[in-house]
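Examination of the molecular architecture
One letter stands for each residue in the lines below.
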Amino acid sequence: RVMTNLKMAREGGTVAGEVTFTESGGEVAVVAHITGAPPGMHGFHVHEGGECSSPDFTSAGGHFDPTDMPHGAPSDMERHAGDLGNVEVAEDGTANHEASSSMLTVAAGPSSVVGRGVILHEDPDDMVTQPTGAAGGRIACGASKVL
Ligand code: CU
Ligand code: ZN
């Protein structure tokens, strides 16, 4: 298993959470537990870099894209490996989200999530706009590491 701890974006920010990636049978299951986020849909991606040090989290780079694809929806054949779609946050600010991807691995290799950043965005991912899905600012960031 690989665990990502999401931390708050900026001073006074409240978003926290954890994301786990578990690989089996050629699929990686993604389970996210988030608290303190604004209700609604928020873009959710694996980003290339595992560096969350800059206050706006741009230090994590762009979407993780080891196969040089356009941005897309999790159901699209052509998409970034890091495209996990949206997380829906409930009125109480929490989300318990499950997704899966056949384009990521936990095991070492070019598509491994280990050392990558996981980002929750301010706005919904429209799954169309290149190369970001127009998901706006980054409200939480965490680096994936092996438990
Ligand atoms: Cu993103
Ligand atoms: Zn993307």
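Refer to the structure above for everything that follows.
Residue numbers restart at each chain and count upward from 1, following the sequence in its written direction. Think of it this way: whatever chain is written first is A, whatever ligand is written first is 1, and the rest follow in order. Where totals are concerned, whole chains, interfaces and linings use all residues; where local detail is concerned, this predicted model gives features only for residues with pLDDT of at least 70, and gives and counts side-chain atom pairs only at 80 or more. With hydrogens and water stripped out, all remaining heavy atoms of the structure feed into the side-chain values.

Turning to the coordination of the copper ion (ligand 1), a few remarks are in order. Summarising the metal site, the copper ion (ligand 1) is bound by the protein donors His45 (ND1), His47 (NE2) and His121 (NE2), whose distances to it range over 1.9 to 2.0 Å. Here the term donor refers to an N, O or S atom within 2.8 Å of the metal (or 3.2 Å for Na, K and Ca), and because water is left out of the atoms, sites may appear incomplete. We note that the donor set of the copper ion (ligand 1) lies within a single chain, spaced as H-x1-H-x73-H. Each member of the pair, His45 as well as His47, carries the same accessibility label: buried. Burial classes: relative accessible area under 20% of the type maximum marks a residue as buried, over 50% as exposed, and values in between as partly exposed (1.4 Å probe, protein chains only).

Here the focus is the side chain of Ser112. For helices the rule is a DSSP run of H or I covering at least 4 residues; for strands it is a run of E covering at least 2, with both sets numbered from the N terminus onward. Tracing the backbone through its elements, the reader meets Ser112 in the loop between β6 (95-101) and β7 (117-121). Any two residues whose heavy atoms approach within 4.5 Å are treated as being in contact. In contact with Ser112, not counting residues within four places along its chain, are Phe64, Thr105, Val106 and Ala107.

Okay, the coordination of the zinc ion (ligand 2) next. For the zinc ion (ligand 2), every protein donor is listed as His63 (ND1), His71 (ND1), His80 (ND1) and Asp83 (OD), and the spread of their distances is 2.0 Å. Irregular is the default label, applied whenever a site is not tetrahedral (four donors, all angles between 85 and 135 degrees) and neither square planar nor octahedral (four or six donors, opposite donors over 155 degrees apart, all other angles between 65 and 115). Around the zinc ion (ligand 2) sit 4 donor atoms; with metal-centred angles ranging over 99 to 121°, the donor geometry is tetrahedral. Motif for the zinc ion (ligand 2), donor spacing along one chain: H-x7-H-x8-H-x2-D. With a gap of 20 residues between them, His63 in the loop between β4 (40-47) and β5 (83-89) and Asp83 in strand β5 connect regions that are remote in the sequence. The same class applies to His63 and to Asp83, which are both buried.

This paragraph deals with unusual backbone geometry. Gln130 connects to Pro131 through a cis peptide bond whose omega is -10°. Within the secondary structure, Pro131 sits in the loop between β7 and β8 (138-146). A positive phi angle, near 55°, is found at Asp68, a position not held by glycine. Judged by relative accessible area, which is 67%, Asp68 ranks as exposed. Unlike most non-glycine residues, Ala134 shows phi in positive territory, near 55°. Inspection of the secondary structure assignment puts Ala134 in the loop between β7 and β8.

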